[in-house]
Amino acid sequence: MKDNLINEFDSLLKKSKNTLIIPHKNPDGDALGSSLALNFFLMKKGHNSLVISPNEYPSFLNWLPGQNKIINFSLNQKKVISLIDKADLILTLDYNDLSRTGEMESILTSADIPFVMVDHHKNPKSYADLTFSEPQISSTSEMVYNIISKLDHSKIDSNIATCLYTGMMTDTGSFRFPSTTSKTYLIASKLIDFGANHSKIHQNVYDNYTFNRIRLLGTCLSNLKKIKSLPVVYTFLSQEDLRINNFKKGDTEGFVNYGLSLKNISLSVIMIEDKLQNLIKMSFRSKGNFSVNKFAKIYFNGGGHHNAAGGTSLKSLKETEKKFMNAIQECKKDFEV
Ligand code: 5GP
Ligand code: MN
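Next up on the list: the sheet that holds strand E7 (residues 225–227). Sheet architecture is open: six strands sit in the order E7-E8-E9-E10-E12-E11, paired in mixed fashion. Two strands bound the open sheet, and with one partner strand each, they are E7 and strand E11 (303–304). The pairing of strand E8 (residues 232–237) with strand E9 (residues 267–274) spans six bridges and is classified as parallel. Within the sheet, the bridge partner assigned to Phe236 lies in E9 and is Met271.

Our focus in this paragraph is the site of ligand 1. Taken together, the neighbourhood of ligand 1 is formed by 13 residues, with Arg100, His121, Ser283, Arg285 and Gly303 sitting nearest. His121 places a polar side-chain atom, nitrogen or oxygen, 3.0 Å from an oxygen atom of ligand 1. Backbone polar atom of Gly310 to an oxygen atom of ligand 1: 3.2 Å apart, as the coordinates give it. Notes on ligand 1: free accessible area 490 Å², of which the protein chains cover 74%. Per-element tally for the shell around ligand 1: the top contributor is strand E12 (residues 308–313), with four residues. Split by residue class, the shell around ligand 1 holds two nonpolar, eight polar and three charged.

On to the coordination of the manganese ion (ligand 2). Six octahedral donors around a metal ideally sit at 90 or 180 degrees from one another, while four tetrahedral donors ideally sit at 109.5 degrees. Surrounding the manganese ion (ligand 2) are the protein donor atoms Asp30 (OD), Asp94 (OD), His120 (NE2) and Asp171 (OD), at 2.1 to 2.4 Å. Donor residues binding the manganese ion (ligand 2) come from one chain and are separated in sequence as D-x63-D-x25-H-x50-D. Of this pair, His120 sits in the loop between strand E5 (115–119) and strand E6 (130–133) while Asp171 sits in helix H6 (residues 158–171), and the two are 51 residues apart along the sequence. The same class applies to His120 as to Asp171, namely buried.

With the rule as written, the count across this model stands at 12 aromatic pairs. Ring plane angle 35 degrees and centroid distance 5.8 Å describe the contact between Phe284 and Phe300, whose orientation is recorded as tilted. Linking Phe284 in strand E10 (residues 279–286) with Phe300 in helix H11 (residues 292–300), this pair joins segments that are 16 residues apart in sequence. Pair check on accessibility: Phe284 and Phe300 agree, each one buried. When the ring of Phe295 is compared with that of Phe324, the centres are 6.1 Å apart and the planes differ by 90 degrees; the resulting orientation is edge-to-face. Taken together, the residues span a long stretch of sequence, with Phe295 in helix H11 and Phe324 in helix H12 (residues 317–330) at a distance of 29 residues. Accessibility classification places Phe295 together with Phe324 in one group, the buried group. Grouped by ring-pair contacts, the aromatic residues Tyr234, Phe284, Phe290, Phe295, Tyr299, Phe300, Phe324 and Phe335 constitute a single cluster. Over the ring of Phe300 we find Lys323; its NZ or CZ atom is 5.0 Å from the centre of that ring.

Looking at the element boundaries, Thr180 is found in the loop between H6 and helix H7 (182–193). Polar side-chain contacts of Thr180 include one of 2.8 Å to the backbone oxygen of Phe177.

Further remarks concern helix H5 (residues 140–152). For H5, with 13 residues, the first-to-last C-alpha span of 18 Å sits near the 18 Å given by 1.5 Å per residue. Counted residue by residue, H5 has 11 buried out of 13 residues, so it is predominantly covered. Taken together, the buried positions of H5 are occupied by Thr140, Ser141, Glu142, Met143, Val144, Tyr145, Ile147, Ile148, Ser149, Leu151 and Asp152.

Structurally, the position occupied by Asn55 is in the loop between strand E2 (48–53) and strand E3 (71–72). Apart from the residues lying within four places of it in its own chain, the contact partners of Asn55 are Lys25, Asn26, Pro27, Asn72, Ser74 and Lys249.

Note on placement: Lys150 falls in helix H5. Exposure remark for Lys150: the relative accessible area of 46% places this residue in the partly exposed category. Put simply, Lys150 and Asn72 are 78 residues apart on the chain and 30 Å apart in space, counted from C-alpha to C-alpha. The contact partners of Lys150, leaving out residues within four places of it in the chain, are Met1, Asp3 and Ile6.

So, on to H12. Over its 14 residues, H12 runs 20 Å from end to end, which matches the ideal 20 Å to within 8%, given 1.5 Å per residue. By the burial criterion, the buried members of H12 are Leu317, Thr320, Glu321, Phe324, Ala327 and Ile328. All buried residues of H12 project into a common sector of 125 degrees when viewed along the axis, lining one side. Residues of H12 that are exposed and point over 90 degrees away from its buried face: Lys318, Lys322 and Glu330. If you follow the buried residues of H12, they end up packed against E7, E8, E9, E10, H11 and E12.

Conventions used here
Residues numbered from 1 in each chain as written. Chains lettered and ligands numbered in written order. Predicted model: local features only at pLDDT ≥ 70, side-chain atom pairs only at ≥ 80, totals over all residues. Heavy atoms only, no water. Pairing = 2+ DSSP bridges. Helix = DSSP H or I, 4+ residues; strand = E, 2+ residues; numbered from the N terminus. Near = heavy atom within 4 Å. Polar contact = N/O pair within 3.5 Å; in protein donor to acceptor, adjacent residues only side chain to side chain. Areas by Shrake-Rupley, 256 points an atom, 1.4 Å probe, with all protein chains shown as cover. Nonpolar A, V, L, I, M, F, W, Y, C, P; charged D, E, K, R; others polar. Donors = N, O, S within 2.8 Å, 3.2 Å for Na, K, Ca; no water. Buried < 20%, exposed > 50% of the residue type's maximum accessible area, 1.4 Å probe, protein only. Phe/Tyr/Trp six-rings, centres within 6.5 Å; stacked < 30°, edge-to-face > 60°. Lys NZ or Arg CZ within 6 Å of the ring centre and 35° of its normal. Expected span 1.5 Å × (residues − 1). Contact = heavy atoms within 4.5 Å. Arc of directions from axis to C-beta.

And the structure:
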């Protein structure tokens, strides 16, 4: 992280009072953790700062410090529009393309105020006046730690530490993905010293299944299929599967990872039917060389990281399965070692 960027950020902050922090739509632990942490920091620095989530966030994050003050755009559109009118700085966290805010995109695009991007995905768009973009860093939360510890280390407290630890833990698969570096561990260690209770955070995030959710995982695992002669597995959940198990937002989070726990599997995919939006949400996870970022971009109008990406299909579940099988056949050579 370059010092001149930090200095520019510092002077932007000094010129602003009303700051808004906006994670991406369907925020995950990193998007929400980094946003809430930066929000605590800015409030301690005297800003009127708020976090606005484009939509509802999953219940496994509804214990995070400060989450009760988050404004949900999809439920309070008028209020958010007036807040944006009064804001003098907008910080967008954990994405690099305003389309990731869903229905907020057009409002943000027409807002005539400075934007700051803090993100770790590849290929950032150029909407921000100040762009912190570090695809090699494991999480946006790790980036926020680096930024705020340079701006004012003394403001880091247990709330900030808890939010950042949560974001780092969730985006690194509990510190096991290759993106995890010795610096990630060093920061995690510092966050524990600042008051993050690592064991409690892990329990809050992962040991909170409802009975329905674990039944849904059961369906997801029994639907698992292996592609012949390739290290690829995929599964799907139909709207009916979701309905029977009383699906709640966030219930399918992490399901795609189970495929990767199989021996000699390097790509795992889940397709989830959403009849309300009339689409199939796809999630891709890989190990090693296979780039799911590229795969999602080419075939499913999506993207993400090298080993974790998402996308969508506008076809039916059956047709999506066919399209996926064809796509995999086209990429066959990418699995050769
Ligand atoms: P997930 O599978 O958990 O939804 O997403 C995995 C990763 O891919 C996340 O880093 C997320 O930011 C990214 N991602 C998910 N869906 C999309 C999408 O539709 N478009 C793009 N560009 N990235 C996505
Ligand atoms: Mn992230």
